[in-house]
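Here's the letter readout for the chains.
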Number of protein chains: 2
Amino acid sequence: MKKDDISTEEKIINASIELFSEKGFDSTKTSEIAKNAGVAEGTIFRYFKTKKDILMSIVTKAIQFFSEKFIVLPLNKVLHSEKPEEEILADLLKDRYEMISKNFSIIKVIGTEALTKEKIREKLVEHVAIKTLEIGEEFYQNGIEKGIFRDLPPRTVVRSLFGSIMMLIAEQQFFPDDKKSKDVDKEISTIVEIFMNGIKSRKEQ
Amino acid sequence: MKKDDISTEEKIINASIELFSEKGFDSTKTSEIAKNAGVAEGTIFRYFKTKKDILMSIVTKAIQFFSEKFIVLPLNKVLHSEKPEEEILADLLKDRYEMISKNFSIIKVIGTEALTKEKIREKLVEHVAIKTLEIGEEFYQNGIEKGIFRDLPPRTVVRSLFGSIMMLIAEQQFFPDDKKSKDVDKEISTIVEIFMNGIKSRKEQ
DNA sequence: AATAAAAATGAGTGAGCACTCACTTGGAGG
DNA sequence: CCTCCAAGTGAGTGCTCACTCATTTTTATT
């Protein structure tokens with residue numbers, strides 16, 4: 001009876017991600033995970049020694065996944081492209097946006113847990129944040145040297161861009177009612193526009 | 001023996017904020033709150049019916065506090081100032097930065113809980129987010145009409161600014177090691193600079 | 001100083017829940 | 001068809017922890 005080719009372990013992981021992201025790790029009972037995964041409670045503990053192990057397994061797998069997606073992919077896009085910087089930036093933000101949105105449940109779980117668990121925060125910093133920042137800063141530094149970008153602190157620029165995108169995603173995820181995803185492209189273009197040209201009106205010709 | 005004029009209720013609240021922000025609501029035991037507050041465990045339940053009531057009391061008080069600080073104060077600063085917009089913006093970001101940093105524990109608690117508890121999220125949106133956004137958007141809209149700002153969607157501008165500041169604060173709070181708060185002023189000036197003038201180099205004269 | 005009322009205490013209780021384990025089921029190999 | 005083992009089960013267990021309450025301590029009142 002190999003119904004769906006989705007392993008028991010995966011069923012448990014998927015159910016856990018969904019429940020952890022909805023209700024948080026502590027408020028999720030192992031009995032609920034079992035019910036949602038369609039397995040008996042005892043089965044969970046044949047695959048994971050403790051409930052916390054489920055969380056750590058999710059976090060570890062996800063961080064591996066993201067360190068690829070955030071680092072390998074953008075490297076190619078950014079460093080081997082002949083497009084104007086403005087477009088590279090828009091492309092980059094757009095597919096980061098999509099990646100984060102698509103995996104929002106799992107990111108929410110990691111983010112929530114990182115707030116109170118130093119170990120998870122460290123993993124996140126070591127495997128994702130530092131390298132992402134480095135690439136972003138390098139991209140900006142190159143732009144400065146090519147005379148495309150103004151000489152501003154790369155860290156600040158990258159951090160602000162990231163904050164802008166994250167707030168957009170947060171708004172869409174937590175309050176999806178108003179406009180939905182229809183003008184995401186426009187939103188991202190506007191953000192690029194703000195960062196490239198600023199908000200100050202330039203009356204002088 | 002009125003040692004310090006700090007009431008038992010306040011001692012409990014303060015201990016709770018500290019512990020909730022460090023370890024999260026669920027992982028904090030009432031026995032720990034009691035020890036940290038310097039009272040017996042039973043005393044807690046003379047002031048709060050349940051542990052959850054402590055949390056809700058913190059959240060409610062904090063939201064009241066912030067809806068004042070975020071709305072009344074900026075209204076005066078922003079709408080009755082003769083300074084150039086650039087300076088208003090810098091002032092505004094600076095004291096928002098300070099306010100958030102100073103109250104980071106409590107904001108972290110509310111933020112963490114808001115991620116998984118709809119009721120708290122709703123309160124936050126209703127009493128703080130909506131009005132803050134409105135004021136921000138109005139400020140920007142006025143600027144457009146006065147010809148100071150470019151005609152961009154106010155919501156996007158305000159959201160991005162907020163995201164930039166929040167990421168700065170997050171970095172400082174979670175990784176305070178490197179440079180500490182010494183160049184916060186410079187960071188904020190840079191953010192204002194980015195938003196006002198963009199990052200694109202302008203070679204033409 | 002005596003009395004009453006309010007506040008504080010902390011050992012005890014029971015409910016909830018992560019985890020165990022003796023047992024059942026499914027299916028591969030002979 | 002039987003055997004055997006891995007995979008799965010779920011009632012049961014014990015521990016943790018929020019909450020209670022009978023008792024003690026503090027404060028206010030006369």
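Before reading on, note that the structure itself is shown above.
Rules used in this analysis
Residues numbered from 1 in each chain as written. Chains lettered and ligands numbered in written order. Predicted model: local features only at pLDDT ≥ 70, side-chain atom pairs only at ≥ 80, totals over all residues. Heavy atoms only, no water. Helix = DSSP H or I, 4+ residues; strand = E, 2+ residues; numbered from the N terminus. Areas by Shrake-Rupley, 256 points an atom, 1.4 Å probe, with all protein chains shown as cover. Lys, Arg positive; Asp, Glu negative; His and termini not counted. Charge placed at Lys NZ, Arg CZ, Asp CG, Glu CD. Salt bridge = Lys/Arg side-chain N within 4 Å of Asp/Glu carboxyl O. Buried < 20%, exposed > 50% of the residue type's maximum accessible area, 1.4 Å probe, protein only. Contact = heavy atoms within 4.5 Å. Buried area = accessible area lost by both parts, 1.4 Å probe. Polar contact = N/O pair within 3.5 Å; in protein donor to acceptor, adjacent residues only side chain to side chain. Nonpolar A, V, L, I, M, F, W, Y, C, P; charged D, E, K, R; others polar. Near = heavy atom within 4 Å. Axes fitted to C-alpha atoms, helices over the stretch in contact; angles between N-to-C directions. Parallel < 35°, antiparallel > 145°, perpendicular 65-115°, else oblique. Left-handed = near helix turned anticlockwise from the far one by under 90°. 1 Å grid on protein atoms, 1.4 Å probe; cavity = no way out; pocket = protein on both sides within 12 Å on 5 of 7 lines; lining within 4 Å. Points joined across faces, edges and corners; volume = space filled by probe spheres on them. Core = buried A, V, L, I, M, F, W, Y, C linked by side-chain atoms within 4.5 Å. Least-squares fit on C-alpha atoms with pLDDT ≥ 70 in both. Phe/Tyr/Trp six-rings, centres within 6.5 Å; stacked < 30°, edge-to-face > 60°. Lys NZ or Arg CZ within 6 Å of the ring centre and 35° of its normal.

S.K.: So what's going on with the overall build of chain A? Which residues, and what values?
M.R.: Broken down by element type, chain A carries nine helices and zero strands. Expressed as lengths along the three principal axes of its C-alpha atoms, the size of chain A is roughly 70 × 35 × 35 Å. In the form shown here, chain A has an accessible surface area of approximately 11100 Å², with 52% of it arising from carbon and sulfur atoms. In chain A, which carries 34 positive and 35 negative side-chain charges, the distance between the mean positions of the two groups comes to 5 Å.

S.K.: Outline the pattern of salt bridges, listing residues and values.
M.R.: Pairing of side chains with opposite charge becomes possible as their charged atoms draw close. Applying the stated criterion across every chain yields a total of 24 salt bridges over all chains. Of the charged contacts in the structure, one is a salt bridge between A:E137 and A:R155, with a shortest N-O distance of 3.1 Å. Residue A:E137 is located in helix α7 (residues 118-145), and its partner A:R155 is located in helix α8 (residues 154-174); the two are separated by 18 residues in the primary sequence. Ionic pairing is found between B:D91 and B:K83, a salt bridge with its closest N-O pair at 2.7 Å. Taking relative accessible area as the criterion, B:D91 reaches 29% and is therefore assigned partly exposed. Connected through salt bridges with shared partners, the residues A:E137, A:R155, A:R159, B:E171 and B:E187 form a single ionic network.

S.K.: So what's going on with the environment of A:I148? Which residues, and what values?
M.R.: Residue and element names in this part refer to chain A. Inspection of the secondary structure assignment puts I148 in the loop between α7 and α8. Judged by its relative accessible area of 23%, I148 falls in the partly exposed class. In the structure, I148 is positioned 135 residues away from I13 in sequence and 46 Å away in space, judged by C-alpha atoms.

S.K.: Explain the interface of chain B and chain A residue by residue, including any values.
M.R.: Often, the extent of an interface is quoted as the loss of accessible area upon association of its parts. Listed per partner, the contact involves 47 residues of chain B and 47 residues of chain A. For the pair chain B and chain A, the summed buried surface comes to about 4600 Å²; carbon and sulfur atoms form 59% of the total. Three residues, B:R150, B:R159 and B:I199, lead the burial of chain B against chain A; their summed loss comes to 17% of the area buried on that side. Seen at the junction of chain B and chain A, the total is 10 salt bridges. Residues A:E86 and B:K200 are paired through a salt bridge, measuring 3.4 Å at the closest nitrogen-oxygen approach. Along the contact surface separating chain B from chain A lie 29 residue pairs in polar contact (both at pLDDT 80 or more). Breaking the side of chain B that touches chain A down by element, the ones donating at least two residues are α1 (8-23), α6 (104-116), α7 (118-145), α8 (154-174) and α9 (184-197) of chain B. Grouping the amino acids of the side of chain B that touches chain A by side-chain chemistry returns 18 nonpolar, 14 polar and 15 charged.

S.K.: Tell me about the protein's contact with DNA strand C, residues and numbers included.
M.R.: Near DNA strand C you find 16 residues, and of these A:K51, B:T8, B:A40, B:T43 and B:Y47 are the closest. Taking all atoms of DNA strand C within 4 Å of the protein, the share assigned to sugar and phosphate is 65%. Between DNA strand C and the protein, one listed contact pairs a phosphate oxygen with a side-chain N or O atom of A:T30 at 2.8 Å. Within the backbone of B:G42, an N or O atom sits 3.2 Å from a base nitrogen of DNA strand C. Among the elements of the structure, α3 (41-47) of chain A together with α3 (41-47) of chain B are those that each provide at least two residues to the surface near DNA strand C. Broken down by element, the surface near DNA strand C gets its largest block of residues, four residues, from α3(B). Partitioned by chemical class, the residues of the surface near DNA strand C number five nonpolar, seven polar and four charged.

S.K.: Mind laying out the packing of α6(B) against α7(B), listing which residues take part and the relevant values?
M.R.: All names here are of chain B. At their nearest, the axes of α6 and α7 sit 6 Å apart, and the two run at 120° to each other. Our classification of the angle between α6 and α7 gives oblique. With respect to the hand of their crossing, α6 and α7 are arranged in left-handed fashion. Side by side, α6 and α7 meet where I110, E113, A114, L115 and T116 of the first sit next to E118, I120, R121 and L124 of the second. Here the residues of the contact of α6 with α7 sort into five nonpolar, one polar and three charged.

S.K.: Quick rundown of empty space enclosed by the protein? Include the residues and the values.
M.R.: Inspection of the entire model under this criterion finds three cavities of 30 Å³ or more. Quantified by volume, the largest cavity comes out at close to 200 Å³. Surrounding the largest cavity, 18 residues form its lining, A:D26, A:T112, B:D26, B:T112 and B:E113 being those nearest its centre. At the level of elements, α6 (104-116) of chain A together with α6 of chain B are the ones that each hand at least two residues to the lining of the largest cavity.

S.K.: Help me get a handle on the nonpolar core, residues and values and all.
M.R.: Counting residues in each nonpolar core, the largest one holds 116 residues, and the members touching the most others are A:I199 and B:I199. Setting aside its immediate chain neighbours within four residues, B:I199 contacts A:Y140, A:I148, A:F149, A:R150, A:L152, A:V157, A:F195, A:M196 and B:I194.

S.K.: Just give me the short version of the environment of B:L75, but keep the residues and values in it.
M.R.: All names here are of chain B. Among the secondary structure elements, L75 is positioned in helix α4 (residues 51-79). The exposure class of L75 is partly exposed, given its relative accessible area of 30%. The spatial distance from the C-alpha of L75 to the C-alpha of T132 is 9.7 Å, given a sequence separation of 57 residues.

S.K.: Talk me through the relation of the copies chain B and chain A; I want residue IDs and the actual numbers.
M.R.: Screw-axis analysis of chain B against chain A gives a translation of 0.0 Å along the axis, an RMSD of 0.1 Å, and a rotation angle of 180°. Taken together, these values place the two copies in the relation of a two-fold axis. Comparing interface residues between copies, 100% of those in chain B also sit at the interface in chain A, which points to an isologous, same-surface contact.

S.K.: An account of the packing of aromatic side chains is requested, with residue identities and associated values reported.
M.R.: Residues and elements named next belong to chain A. For the structure shown, the criterion picks out 13 aromatic pairs over all chains. Pairing F65 with F66 gives two aromatic rings, centres 5.2 Å apart and planes at 75°, and the pair type is edge-to-face. Relative accessible area serves as the criterion here: at 35%, F65 is assigned to the partly exposed category. Sitting above the plane of the F25 ring, K51 keeps its charged end 4.6 Å from the centroid.

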